[in-house]
Amino acid sequence: MTETLRNPISPTVDFERDGVQHGFLRLPYSRDDSAWGAVMIPISVVKNGAGPTALFTGGNHGDEYEGPLALSKLAGSLDPTAIRGRLIIVPFMNAPAVWAGTRTSPIDRGNLNRSFPGRPDGTVTQKIADYFQRTLLPMADLVLDIHSGGKTLDFLPFAACHLLPDPAQQARCEAGMRAFAAPYCMRMLEQDAQGLYDTAAEALGKVFVTTELGGGGTLSARSLAIAERGVRNLLIHFDMLEGEPQRGESVMLDMPDDGCYLCSESDGLLEMCRDLGETVQAGELVARVHDARRTGVAPVEYRARRAGLISARHFPGRVQSGDTLAVIAEVVG
Ligand code: CA
(Lines give C-alpha, C1' and ligand atoms only; values in the text may rest on other atoms or scores of the structure.)
Protein backbone atom coordinates (compact mmCIF):
# COMPACT_ATOMS: atom_id res chain seq x y z
CA MET A 1 0.00 0.00 0.00
CA THR A 2 1.41 3.40 -0.88
CA GLU A 3 1.20 6.02 1.80
CA THR A 4 -0.42 9.28 0.71
CA LEU A 5 2.03 12.12 1.13
CA ARG A 6 0.86 15.06 3.20
CA ASN A 7 1.09 18.50 1.61
CA PRO A 8 3.57 20.65 3.60
CA ILE A 9 1.33 23.76 3.43
CA SER A 10 -0.31 24.71 6.74
CA PRO A 11 -3.10 27.30 6.86
CA THR A 12 -3.09 29.92 9.64
CA VAL A 13 -6.88 30.23 9.26
CA ASP A 14 -9.56 27.87 10.56
CA PHE A 15 -11.86 26.99 7.66
CA GLU A 16 -14.65 26.00 10.07
CA ARG A 17 -14.76 29.22 12.09
CA ASP A 18 -17.49 31.85 11.54
CA GLY A 19 -16.46 35.46 10.89
CA VAL A 20 -13.68 37.01 8.82
CA GLN A 21 -10.12 35.73 9.02
CA HIS A 22 -7.14 37.09 7.12
CA GLY A 23 -4.17 34.74 7.24
CA PHE A 24 -1.77 32.71 5.18
CA LEU A 25 -1.13 29.39 3.57
CA ARG A 26 2.35 28.78 4.96
CA LEU A 27 4.51 26.82 2.53
CA PRO A 28 7.94 25.88 3.94
CA TYR A 29 10.68 26.93 1.54
CA SER A 30 14.27 26.64 2.69
CA ARG A 31 16.64 28.89 0.79
CA ASP A 32 19.84 30.96 1.03
CA ASP A 33 18.25 33.99 2.69
CA SER A 34 15.95 32.04 5.03
CA ALA A 35 17.07 28.57 6.13
CA TRP A 36 13.79 27.70 7.82
CA GLY A 37 11.71 30.10 5.77
CA ALA A 38 8.32 29.86 4.12
CA VAL A 39 6.31 31.32 1.25
CA MET A 40 3.35 33.06 2.92
CA ILE A 41 0.37 32.99 0.53
CA PRO A 42 -2.38 35.36 1.74
CA ILE A 43 -5.82 33.84 2.25
CA SER A 44 -9.09 35.18 3.63
CA VAL A 45 -12.01 33.13 4.85
CA VAL A 46 -15.44 34.69 5.35
CA LYS A 47 -17.94 32.32 6.92
CA ASN A 48 -21.44 32.68 8.26
CA GLY A 49 -23.18 29.46 9.23
CA ALA A 50 -24.20 26.65 6.92
CA GLY A 51 -24.33 27.05 3.15
CA PRO A 52 -22.25 26.55 0.06
CA THR A 53 -18.52 27.17 -0.20
CA ALA A 54 -17.14 29.47 -2.89
CA LEU A 55 -13.44 29.51 -3.72
CA PHE A 56 -12.31 32.71 -5.51
CA THR A 57 -8.78 33.07 -6.85
CA GLY A 58 -6.63 35.58 -8.69
CA GLY A 59 -2.93 35.69 -9.43
CA ASN A 60 -2.80 32.18 -10.86
CA HIS A 61 -0.52 33.99 -13.32
CA GLY A 62 1.52 36.73 -11.66
CA ASP A 63 1.22 39.43 -14.34
CA GLU A 64 -2.59 39.67 -14.36
CA TYR A 65 -4.12 42.25 -12.05
CA GLU A 66 -7.92 42.36 -12.11
CA GLY A 67 -8.26 39.21 -9.98
CA PRO A 68 -5.71 40.13 -7.30
CA LEU A 69 -7.15 43.64 -6.85
CA ALA A 70 -10.85 42.81 -7.07
CA LEU A 71 -10.43 39.93 -4.63
CA SER A 72 -8.20 41.65 -2.09
CA LYS A 73 -10.67 44.56 -2.10
CA LEU A 74 -13.55 42.10 -1.63
CA ALA A 75 -11.72 40.34 1.22
CA GLY A 76 -11.15 43.67 2.95
CA SER A 77 -14.72 44.87 2.62
CA LEU A 78 -17.08 41.94 3.22
CA ASP A 79 -19.34 41.98 6.24
CA PRO A 80 -19.51 38.33 7.35
CA THR A 81 -23.12 38.69 8.47
CA ALA A 82 -24.04 39.50 4.84
CA ILE A 83 -22.64 36.14 3.66
CA ARG A 84 -24.45 32.82 3.69
CA GLY A 85 -22.02 29.88 3.79
CA ARG A 86 -18.30 30.23 3.30
CA LEU A 87 -16.15 32.25 0.93
CA ILE A 88 -12.48 31.37 0.60
CA ILE A 89 -10.44 34.07 -1.16
CA VAL A 90 -6.88 33.57 -2.43
CA PRO A 91 -6.13 36.76 -4.41
CA PHE A 92 -2.47 35.88 -5.10
CA MET A 93 -2.62 32.17 -5.86
CA ASN A 94 0.93 31.88 -7.23
CA ALA A 95 2.17 34.51 -4.78
CA PRO A 96 5.89 34.41 -5.75
CA ALA A 97 4.89 35.09 -9.38
CA VAL A 98 2.62 37.98 -8.29
CA TRP A 99 5.41 39.53 -6.21
CA ALA A 100 7.75 39.29 -9.22
CA GLY A 101 5.11 40.50 -11.71
CA THR A 102 5.74 37.48 -13.92
CA ARG A 103 3.48 34.82 -15.39
CA THR A 104 5.47 31.98 -13.85
CA SER A 105 7.16 31.60 -10.47
CA PRO A 106 10.67 33.07 -10.16
CA ILE A 107 11.48 30.22 -7.73
CA ASP A 108 11.04 27.28 -10.09
CA ARG A 109 9.69 28.82 -13.34
CA GLY A 110 6.48 26.94 -12.56
CA ASN A 111 3.35 27.93 -14.50
CA LEU A 112 0.73 27.19 -11.83
CA ASN A 113 -1.97 26.84 -14.46
CA ARG A 114 -0.06 24.01 -16.13
CA SER A 115 0.92 22.28 -12.88
CA PHE A 116 -2.28 20.48 -11.84
CA PRO A 117 -2.81 18.08 -10.14
CA GLY A 118 0.55 19.06 -8.61
CA ARG A 119 2.77 17.12 -6.22
CA PRO A 120 3.08 17.32 -2.43
CA ASP A 121 6.80 16.50 -2.80
CA GLY A 122 7.44 18.60 -5.91
CA THR A 123 8.58 22.16 -6.56
CA VAL A 124 7.04 25.16 -4.77
CA THR A 125 4.56 25.65 -7.63
CA GLN A 126 3.66 21.93 -7.70
CA LYS A 127 3.04 22.03 -3.94
CA ILE A 128 0.65 24.98 -4.33
CA ALA A 129 -1.22 23.07 -7.07
CA ASP A 130 -1.45 19.95 -4.89
CA TYR A 131 -2.87 21.98 -1.99
CA PHE A 132 -5.62 23.36 -4.21
CA GLN A 133 -6.21 19.94 -5.80
CA ARG A 134 -6.54 17.93 -2.59
CA THR A 135 -7.53 20.47 0.09
CA LEU A 136 -9.24 23.60 -1.24
CA LEU A 137 -11.07 22.34 -4.35
CA PRO A 138 -12.78 19.45 -2.51
CA MET A 139 -14.18 22.01 0.01
CA ALA A 140 -15.71 24.17 -2.74
CA ASP A 141 -19.06 24.09 -4.56
CA LEU A 142 -18.38 27.13 -6.72
CA VAL A 143 -14.94 28.02 -8.10
CA LEU A 144 -14.01 31.30 -9.78
CA ASP A 145 -10.52 31.88 -11.17
CA ILE A 146 -9.98 35.41 -12.52
CA HIS A 147 -7.52 35.72 -15.39
CA SER A 148 -6.54 38.32 -17.93
CA GLY A 149 -3.97 38.34 -20.70
CA GLY A 150 -0.82 39.18 -18.77
CA LYS A 151 2.11 40.90 -20.43
CA THR A 152 1.81 39.12 -23.79
CA LEU A 153 -1.93 39.00 -24.54
CA ASP A 154 -4.87 41.38 -24.50
CA PHE A 155 -8.52 40.24 -24.38
CA LEU A 156 -12.00 41.57 -24.77
CA PRO A 157 -13.40 41.38 -21.25
CA PHE A 158 -15.18 38.02 -20.97
CA ALA A 159 -16.29 35.43 -18.44
CA ALA A 160 -15.87 31.90 -19.73
CA CYS A 161 -16.74 28.27 -19.32
CA HIS A 162 -15.78 25.12 -21.21
CA LEU A 163 -17.72 22.47 -23.04
CA LEU A 164 -18.09 19.63 -20.50
CA PRO A 165 -19.14 15.99 -20.85
CA ASP A 166 -21.87 16.39 -18.18
CA PRO A 167 -24.66 18.63 -19.55
CA ALA A 168 -26.02 19.43 -16.06
CA GLN A 169 -22.61 20.62 -14.84
CA GLN A 170 -22.16 22.51 -18.11
CA ALA A 171 -25.49 24.31 -17.55
CA ARG A 172 -24.49 25.30 -13.99
CA CYS A 173 -21.14 26.65 -15.23
CA GLU A 174 -22.85 28.57 -18.05
CA ALA A 175 -25.33 30.09 -15.60
CA GLY A 176 -22.41 31.21 -13.43
CA MET A 177 -20.61 32.66 -16.45
CA ARG A 178 -23.71 34.66 -17.39
CA ALA A 179 -24.26 35.77 -13.79
CA PHE A 180 -20.77 37.30 -13.73
CA ALA A 181 -22.19 39.69 -16.36
CA ALA A 182 -18.98 40.64 -18.16
CA PRO A 183 -19.52 42.45 -21.48
CA TYR A 184 -18.72 39.17 -23.26
CA CYS A 185 -19.33 35.50 -22.42
CA MET A 186 -17.09 32.89 -24.04
CA ARG A 187 -17.49 29.16 -24.54
CA MET A 188 -13.77 28.59 -24.49
CA LEU A 189 -11.74 25.98 -26.33
CA GLU A 190 -8.36 25.31 -24.70
CA GLN A 191 -5.35 24.47 -26.85
CA ASP A 192 -3.67 22.97 -23.83
CA ALA A 193 -6.18 21.76 -21.21
CA GLN A 194 -3.74 19.37 -19.52
CA GLY A 195 -2.57 20.68 -16.16
CA LEU A 196 -5.10 23.53 -15.96
CA TYR A 197 -6.73 24.46 -12.65
CA ASP A 198 -9.91 24.70 -14.75
CA THR A 199 -9.67 21.05 -15.77
CA ALA A 200 -8.95 19.98 -12.18
CA ALA A 201 -11.99 21.85 -10.82
CA GLU A 202 -14.27 20.62 -13.61
CA ALA A 203 -13.14 17.00 -13.18
CA LEU A 204 -14.18 17.23 -9.51
CA GLY A 205 -17.68 18.23 -10.67
CA LYS A 206 -17.44 21.82 -9.45
CA VAL A 207 -19.21 24.83 -10.92
CA PHE A 208 -16.22 26.54 -12.51
CA VAL A 209 -16.12 30.02 -13.99
CA THR A 210 -13.05 31.73 -15.35
CA THR A 211 -12.42 35.06 -17.05
CA GLU A 212 -10.11 36.94 -19.35
CA LEU A 213 -10.63 40.60 -18.53
CA GLY A 214 -7.97 42.56 -20.38
CA GLY A 215 -4.22 42.24 -20.44
CA GLY A 216 -0.94 43.83 -21.34
CA GLY A 217 0.41 43.32 -17.83
CA THR A 218 -1.81 46.01 -16.32
CA LEU A 219 -5.47 46.85 -15.72
CA SER A 220 -7.90 49.67 -16.40
CA ALA A 221 -10.61 51.27 -14.29
CA ARG A 222 -13.11 49.56 -16.58
CA SER A 223 -11.61 46.06 -16.41
CA LEU A 224 -11.32 46.24 -12.61
CA ALA A 225 -14.93 47.42 -12.34
CA ILE A 226 -16.02 44.41 -14.44
CA ALA A 227 -14.17 42.09 -12.06
CA GLU A 228 -15.56 43.72 -8.92
CA ARG A 229 -19.10 43.66 -10.27
CA GLY A 230 -18.64 40.04 -11.41
CA VAL A 231 -17.54 38.64 -8.06
CA ARG A 232 -20.50 40.21 -6.28
CA ASN A 233 -22.92 39.09 -9.00
CA LEU A 234 -21.65 35.53 -8.70
CA LEU A 235 -22.13 35.48 -4.91
CA ILE A 236 -25.66 36.85 -5.34
CA HIS A 237 -26.37 34.25 -8.07
CA PHE A 238 -25.41 31.48 -5.63
CA ASP A 239 -27.59 33.01 -2.94
CA MET A 240 -24.52 33.61 -0.77
CA LEU A 241 -24.87 37.41 -0.68
CA GLU A 242 -27.92 39.64 -0.39
CA GLY A 243 -28.55 42.24 -3.05
CA GLU A 244 -29.52 42.82 -6.63
CA PRO A 245 -27.10 41.69 -9.33
CA GLN A 246 -25.82 44.44 -11.62
CA ARG A 247 -26.56 43.17 -15.07
CA GLY A 248 -25.64 44.53 -18.48
CA GLU A 249 -25.79 43.28 -22.03
CA SER A 250 -23.39 40.38 -22.68
CA VAL A 251 -22.39 39.25 -26.17
CA MET A 252 -22.15 35.45 -26.39
CA LEU A 253 -19.04 34.13 -28.10
CA ASP A 254 -18.00 30.62 -29.02
CA MET A 255 -14.67 29.09 -30.03
CA PRO A 256 -16.00 26.13 -32.03
CA ASP A 257 -12.66 24.82 -33.32
CA ASP A 258 -8.92 25.31 -33.66
CA GLY A 259 -9.50 27.69 -36.60
CA CYS A 260 -10.11 30.43 -34.01
CA TYR A 261 -6.39 30.63 -33.29
CA LEU A 262 -4.10 32.62 -35.54
CA CYS A 263 -0.50 31.62 -34.86
CA SER A 264 2.65 33.43 -35.99
CA GLU A 265 5.15 31.46 -38.06
CA SER A 266 7.66 34.31 -38.18
CA ASP A 267 9.67 36.61 -35.90
CA GLY A 268 9.55 40.38 -36.22
CA LEU A 269 7.48 43.48 -35.61
CA LEU A 270 3.73 43.13 -35.33
CA GLU A 271 1.41 45.29 -37.40
CA MET A 272 -2.15 44.70 -36.25
CA CYS A 273 -4.42 45.48 -39.20
CA ARG A 274 -7.60 45.06 -37.13
CA ASP A 275 -8.26 45.72 -33.46
CA LEU A 276 -9.86 43.88 -30.57
CA GLY A 277 -13.64 43.81 -30.85
CA GLU A 278 -13.68 44.19 -34.64
CA THR A 279 -15.52 41.75 -36.88
CA VAL A 280 -13.60 40.03 -39.67
CA GLN A 281 -14.56 37.74 -42.53
CA ALA A 282 -12.68 34.51 -43.34
CA GLY A 283 -9.63 35.38 -45.43
CA GLU A 284 -9.46 38.96 -44.23
CA LEU A 285 -6.08 40.41 -43.31
CA VAL A 286 -5.66 40.55 -39.51
CA ALA A 287 -1.94 41.19 -39.03
CA ARG A 288 1.41 41.48 -40.76
CA VAL A 289 4.77 40.54 -39.30
CA HIS A 290 7.66 42.67 -40.55
CA ASP A 291 11.28 41.56 -40.73
CA ALA A 292 13.34 43.85 -38.47
CA ARG A 293 16.67 42.51 -39.74
CA ARG A 294 16.54 44.03 -43.24
CA THR A 295 14.56 46.31 -45.52
CA GLY A 296 13.02 45.42 -48.86
CA VAL A 297 11.40 42.22 -47.62
CA ALA A 298 7.63 41.83 -47.88
CA PRO A 299 5.95 41.33 -44.48
CA VAL A 300 4.30 37.98 -43.74
CA GLU A 301 0.51 38.32 -43.86
CA TYR A 302 -1.86 36.60 -41.45
CA ARG A 303 -5.46 36.20 -42.55
CA ALA A 304 -8.50 35.14 -40.55
CA ARG A 305 -9.13 31.40 -40.84
CA ARG A 306 -12.78 31.95 -39.94
CA ALA A 307 -15.26 34.79 -39.67
CA GLY A 308 -15.85 36.32 -36.25
CA LEU A 309 -14.92 38.82 -33.62
CA ILE A 310 -11.29 39.51 -32.69
CA SER A 311 -11.42 38.47 -29.04
CA ALA A 312 -7.72 38.30 -28.17
CA ARG A 313 -4.48 39.61 -29.61
CA HIS A 314 -0.76 39.40 -29.03
CA PHE A 315 0.07 42.47 -26.95
CA PRO A 316 3.76 43.43 -27.35
CA GLY A 317 4.98 45.04 -30.56
CA ARG A 318 7.54 42.28 -31.10
CA VAL A 319 6.38 38.84 -32.09
CA GLN A 320 8.03 35.43 -32.28
CA SER A 321 7.24 32.33 -34.28
CA GLY A 322 4.69 30.29 -32.32
CA ASP A 323 3.02 33.27 -30.64
CA THR A 324 -0.76 33.47 -30.76
CA LEU A 325 -1.41 36.58 -32.87
CA ALA A 326 -5.16 36.69 -32.45
CA VAL A 327 -8.20 34.65 -31.45
CA ILE A 328 -11.27 35.03 -33.65
CA ALA A 329 -14.45 33.86 -31.93
CA GLU A 330 -17.89 33.30 -33.38
CA VAL A 331 -20.69 35.59 -32.20
CA VAL A 332 -23.60 33.37 -31.17
CA GLY A 333 -26.00 35.92 -29.70
CA1 CA B 1 -3.86 33.89 -17.50
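What comes next is a walk through the structure. Computed from a predicted structure; not experimentally measured. (Residues numbered from 1 in each chain as written. Predicted model: local features only at pLDDT ≥ 70, side-chain atom pairs only at ≥ 80, totals over all residues. Heavy atoms only, no water.)

## A closer look at the sheet that holds strand E15 (residues 285-290)
Heads up, the condition is: Should DSSP find at least two bridges between two strands, the strands are taken to pair. Numbering of helices and strands runs from the N terminus, with a helix taken as a DSSP run of H or I at least four residues long and a strand as a DSSP run of E at least two residues long.
With antiparallel pairing, the 4 strands of this open sheet are ordered in space as E16-E15-E13-E18. What marks the edges here is a single partner per strand, and that holds for strand E16 (300-303) and strand E18 (318-319). Sheet topology note: the strand E13 (residues 268-272)/E15 ladder contains 4 bridges and is antiparallel. Each residue of the ladder has a partner; that of Leu269, found in E15, is His290.

## Some details on the pairing of strand E19 (residues 324-331)
Where strand E11 (residues 251-254) meets E19, 2 bridges bridge the pair, whose relative direction is antiparallel. Following the sheet pairing, Asp254 is matched in E19 by Glu330. As judged from the 3 bridges shared by strand E12 (residues 261-263) and E19, these two strands associate in the antiparallel manner. Its bridge partner being in E19, Leu262 is matched across the sheet by Ala326. Here strand E17 (residues 308-314) runs beside E19; their pairing, made up of 4 bridges, is antiparallel. Residue pairing for E19: Leu309 is matched across the bridge by Ala329.

## What about the coordination of the calcium ion?
Note the cut-off: Each metal site lists N, O and S donors within 2.8 Å (3.2 Å for Na, K and Ca). With water left out of the atoms, a site can look as if it is missing ligands. Each residue is assigned to one of three classes by its accessible area relative to the maximum for its type, calculated with a 1.4 Å probe on protein chains only: buried under 20%, partly exposed between the two thresholds, exposed over 50%.
Looking at the metal site, the calcium ion is ligated by His61 (ND1), Glu64 (OE), Glu64 (OE) and His147 (ND1), spaced 2.2 to 2.8 Å from it. Within one chain, the residues donating to the calcium ion are spaced in sequence as H-x2-E-x82-H. Here the two residues His61 and Glu64 agree in accessibility, since each one is buried.

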